[in-house]
Amino acid sequence: MKLPLDDSPVVCWTSAVEQTRLLAGAVAGLVDDGDLLLLVGDLGAGKTAFTQGFAAALGVSAPVTSPTFTLANRYEGRLIVNHLDVYRLEDLVEARDLAIPELLEQGVTLIEWGQMILPALPTERLDVSITFGDGDDDRLIELRAVGDSWIARKSALRTAMHDWAGQQQVSR
């Protein structure tokens, strides 16, 4: 059965790095083996902080650092967490060399700057857009379900994001 298309994002606000990590942890409670999350945002917006909270919620005890220069890090937890940063890739050929389909066979994969390699990625994913707010630590986080699997979980995603949605915490 084909689910009705609902491409509206789940909109959330955080006003501290720790809140962004907690929000990510709530998202981690909804993931399945093989899931893909694309993390989009300017430099310093909080993509790695999101991944840190996400990985911690999955039982990763190792320090989670940005893979900007290594391109990929892998962490062991309740699920394997694959963390990629494709900012420095110059073309789609390099993206295909990362063997993303193979990564998706085991664990959950988070890709920073994933919008740069969309043609090389599966269409089933959760897009996470992180935007600066007015205050130093204020962030607008939009979660967009792409594909049947994430659309089927959208109600659960909205429920999990309840603490960060509905009221704007970003200072004006």
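Residues numbered from 1 in each chain as written. Predicted model: local features only at pLDDT ≥ 70, side-chain atom pairs only at ≥ 80, totals over all residues. Heavy atoms only, no water.

Undergrad: Please explain a nonpolar patch on the surface as it appears in this structure.
TA: Taken together, the side chains of Leu 43, Tyr 87 and Met 116 define a hydrophobic patch exposed on the protein surface, amounting to about 300 Å² of accessible area. Here Leu 43 lies in the loop between strand E2 (36-40) and helix H2 (47-57). The exposed category is assigned to Leu 43, whose relative accessible area is 60%. (Patch = residues over 30% accessible without salt bridge, like charges linked within 9 Å, V, L, I, M, F, W, Y side chains within 5 Å. Areas by Shrake-Rupley, 256 points an atom, 1.4 Å probe, with all protein chains shown as cover. Salt bridge = Lys/Arg side-chain N within 4 Å of Asp/Glu carboxyl O. Helix = DSSP H or I, 4+ residues; strand = E, 2+ residues; numbered from the N terminus. Buried < 20%, exposed > 50% of the residue type's maximum accessible area, 1.4 Å probe, protein only.)

Undergrad: Honestly, the environment of Gly 77 in this entry has me stumped. Any pointers?
TA: Its place among the elements puts Gly 77 in the loop between strand E3 (72-75) and strand E4 (81-85). Taking the C-alpha atoms as reference points, Gly 77 and Ala 56, separated by 21 residues in sequence, lie 8.2 Å from one another. Those residues in contact with Gly 77, other than ones at most four positions away along the chain, are Leu 58, Gly 59 and Val 60. (Contact = heavy atoms within 4.5 Å.)

Undergrad: Would you take a moment to explain the packing of aromatic side chains for this structure?
TA: To describe a pair of aromatic rings, one takes the distance between the centres and the angle between the planes. One pass over the full model with this rule turns up two aromatic pairs. Aromatic side chains Phe 50 and Phe 54 sit 6.3 Å apart centroid to centroid with 20° between the ring planes, which places their arrangement in the stacked category. One end of the pair, Phe 50, and the other, Phe 54, are both in helix H2, four residues apart, so they sit about a helical turn from each other. Given a relative accessible area of 0%, Phe 54 falls into the buried group. Relative to Trp 113, the ring of Tyr 87 has its centre 4.6 Å away and its plane inclined at 50°; by these criteria the two rings are tilted. In this pair, Tyr 87 is assigned in the loop between E4 and helix H3 (92-97) and Trp 113 in the loop between strand E5 (108-112) and strand E6 (125-132), connecting sequence segments 26 residues apart. Classification of Trp 113 by relative accessible area gives buried; the value is 11%. The ring of Trp 150 has Arg 153 sitting right over it, with the charged end atom 3.9 Å from the ring centre. (Phe/Tyr/Trp six-rings, centres within 6.5 Å; stacked < 30°, edge-to-face > 60°. Lys NZ or Arg CZ within 6 Å of the ring centre and 35° of its normal.)

Undergrad: So what exactly am I meant to see when it comes to a negative patch on the surface here?
TA: On the surface, a cluster of negative charge is contributed by Glu 90, Asp 91, Glu 94 and Asp 97. For Glu 94, the location among the structural elements is in helix H3. Overall, the relative accessible area of 31% leaves Glu 94 in the partly exposed class. (Lys, Arg positive; Asp, Glu negative; His and termini not counted. Charge placed at Lys NZ, Arg CZ, Asp CG, Glu CD.)

Undergrad: Before we go on, may I ask you to explain the pairing of strand E7 (residues 139-146) in this structure?
TA: Consecutive side chains along a regular strand alternate between the two faces of the sheet. Alignment of strand E1 (residues 10-14) against E7, held across five bridges, turns out to be antiparallel. For Val 11, the partnering residue across the bridge sits in E7 and is Glu 142. Summarising the sheet, E6 and E7 pair through eight bridges and their orientation is antiparallel. Following the sheet pairing, Phe 132 is matched in E7 by Arg 139. Linking E6 to E7, which pair antiparallel, is a turn of six residues. (Pairing = 2+ DSSP bridges.)

Undergrad: Sorry if this is basic, but what is going on with helix H1 (residues 17-28) here?
TA: Counted at 1.5 Å a residue, the expected span for H1 with its twelve residues is 16 Å, and the 17 Å between its end C-alpha atoms agrees. Among all positions in H1, only Thr 20, Leu 23, Ala 24, Gly 25, Val 27 and Ala 28 are buried. The secondary structure elements touched by the buried residues of H1 are E1, E2, H2, E6, E7 and helix H6 (154-160). (Expected span 1.5 Å × (residues − 1).)

Undergrad: Where do I start with the side chain of His 83 in this structure?
TA: Mapping His 83 onto the fold places it in strand E4. A distance of 2.6 Å separates polar atoms of two side chains, one belonging to His 83 and the other to Glu 112. Look past the residues within four positions of His 83 in its chain and what remains in contact with it is Thr 48, Thr 51, Val 64, Thr 65, Ser 66, Pro 67, Leu 71, Ala 72, Asn 73, Tyr 75, Leu 110 and Glu 112. (Polar contact = N/O pair within 3.5 Å; in protein donor to acceptor, adjacent residues only side chain to side chain.)

Undergrad: How should the pattern of salt bridges be read in this particular structure?
TA: A side chain with one charge may pair with a side chain of the opposite charge, provided their charged atoms come close. As enumerated under the stated definition, the model contains four salt bridges in all. In this structure, the salt-bridge partner of Asp 35 is Arg 153, at a minimum N-O distance of 2.6 Å. Here Asp 35 is found in the loop between H1 and E2, whereas its partner Arg 153 is found in the loop between helix H5 (148-152) and H6, with 118 residues between them in sequence. Both residues of the pair, Asp 35 and Arg 153, count as buried. Residues Asp 127 and Arg 125 are paired through a salt bridge, measuring 2.7 Å at the closest nitrogen-oxygen approach. Relative accessible area serves as the criterion here: at 11%, Arg 125 is assigned to the buried category. Several salt bridges share partner residues, and in doing so they unite Asp 32, Asp 35 and Arg 153 into one network.

Coordinates in, geometry out; function isn't part of it.
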